[in-house]
Amino acid sequence: MEGNSGEHKQTEGPETLMEEERVTITNTWAKVYENKEAAGVAVLIRLFTSFPSTKQYFSEFRHMEDTQEMQSSAQLQKHAVLVMKALNALVESVDDGEKTASVVEKVAKSHARKHKVEPVNFKILAGVILEVLVEVFPESFGVEAQRAWSKLMDVLYWHVTRVYSEIGWTSTE
Ligand code: HEM
């Protein structure tokens with residue numbers, strides 16, 4: 001069986017964000033976070049409808065097809081807010097590499113050990129987050145903001161794969 005390292009080549013360090021990019025991220029995030037429940041649910045609904053295999057980890061709605069029904073799942077709503085809170089911690093730590101690493105470490109460890117989530121799902125989610133933010137907040141998420149956010153998502157995924165390989169993740173599929 002193949003672990004995540006097979007598909008993902010780990011570089012020595014995550015991308016470095018420029019000061020301007022960090023400011024852009026902080027500014028664009030404020031508005032999103034004011035609407036964290038709605039934005040988080042929109043992201044997860046998009047994730048589960050565009051990539052149905054990502055539902056498999058969630059006992060409450062893994063068999064649901066209906067978007068409305070999924071939307072009212074307490075497990076979905078809970079995860080939506082948790083994801084947004086963790087993203088908020090990531091944004092708040094954007095100036096501090098060690099803090100960024102520890103925010104992602106906590107999430108990656110629990111998802112590997114407890115939830116047995118394949119790391120590629122984080123990559124998929126990162127893409128969906130960008131897609132939905134651009135759609136819902138078009139005036140804030142122009143080209144520059146997209147570039148900055150895309151870098152931040154790369155940093156997130158870099159740490160996720162680092163943690164997964166450090167704990168010796170091997171795929172269960
Ligand atoms: C930015 C990415 C993500 C963040 C910040 C995040 C955050 C969290 C947090 C804080 C929890 C609860 C505490 C814990 O167990 O650590 C959690 C639970 C969970 N997460 Fe995530 N998560 C992310 C991505 C994913 C992805 C991609 C999947 C699978 C496709 C996933 C599946 C789960 C599951 C199954 C649970 C347990 C839900 C429950 O028992 O109610 N997460 N997540």
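Residues numbered from 1 in each chain as written. Predicted model: local features only at pLDDT ≥ 70, side-chain atom pairs only at ≥ 80, totals over all residues. Heavy atoms only, no water.

It is not clear to me how the environment of alanine 38 should be interpreted in this structure. Could you clarify?
Here alanine 38 lies in helix α2 (residues 36-50). Judged by relative accessible area, which is 55%, alanine 38 ranks as exposed. For alanine 38 and threonine 49, which are 11 residues apart along the polypeptide, the C-alpha to C-alpha distance reads 16 Å. (Helix = DSSP H or I, 4+ residues; strand = E, 2+ residues; numbered from the N terminus. Buried < 20%, exposed > 50% of the residue type's maximum accessible area, 1.4 Å probe, protein only.)

Explain the site of the ligand here, please?
As a matter of local geometry, the ligand sits amid 17 residues, with Phe58, His79, Ser110, His111 and His115 nearest to it. A distance of 2.8 Å separates a nitrogen atom of the ligand from a polar atom in the side chain of histidine 79. With respect to the ligand, the side chain of serine 110 contributes an N or O atom lying 2.5 Å from an oxygen atom. Taking a 2 Å distance to the grid points as the criterion, the majority of the atoms of the ligand fall inside the largest pocket. Listed by contribution, the elements that provide at least two residues to the shell around the ligand are α4 (74-92), α5 (97-113) and α6 (120-136). If one sorts the elements of the shell around the ligand by residue count, α4 sits on top with 6 residues. When its residues are assigned to classes, the shell around the ligand shows 9 nonpolar, 7 polar and 1 charged. (Near = heavy atom within 4 Å. Polar contact = N/O pair within 3.5 Å; in protein donor to acceptor, adjacent residues only side chain to side chain. 1 Å grid on protein atoms, 1.4 Å probe; cavity = no way out; pocket = protein on both sides within 12 Å on 5 of 7 lines; lining within 4 Å. Sits in = over half its atoms within 2 Å of the grid points. Nonpolar A, V, L, I, M, F, W, Y, C, P; charged D, E, K, R; others polar.)

Would you mind going over the packing of α4 against helix α7 (residues 143-166) with me for this structure?
Any two packed helices are characterised by how steeply their axes cross, that is the angle between the axes, and by the distance between the axes. The interhelical angle for the contact between α4 and α7, taken along N-to-C directions, is 105 degrees, at an axis separation of 12 Å. Taken together, the axis directions place α4 and α7 in an arrangement best described as roughly perpendicular. Taken together, the residues of α7 that come into contact with α4 (itself represented by Leu87, Leu90 and Val91) are Trp149, Leu152, Met153 and Leu156. A breakdown of the residues in the contact of α4 with α7 according to their chemical character gives 7 nonpolar, no polar and no charged. (Axes fitted to C-alpha atoms, helices over the stretch in contact; angles between N-to-C directions. Parallel < 35°, antiparallel > 145°, perpendicular 65-115°, else oblique. Contact = heavy atoms within 4.5 Å.)

Help me out: how do you make sense of the pattern of salt bridges in this one?
Pairing of side chains with opposite charge becomes possible as their charged atoms draw close. Scanning all chains against the criterion turns up 9 salt bridges. Across the pair arginine 22 and glutamate 19 runs a salt bridge, and its minimum N-O distance is 3.1 Å. Residue arginine 22 and its partner glutamate 19 are located together in helix α1 (residues 19-34), separated by 3 residues, close to a single helical turn. Using a relative accessible area of 21% as the deciding quantity, one classes arginine 22 as partly exposed. One network of salt bridges, with partners in common, ties together Glu105, Lys109, Arg162 and Glu166. (Salt bridge = Lys/Arg side-chain N within 4 Å of Asp/Glu carboxyl O.)

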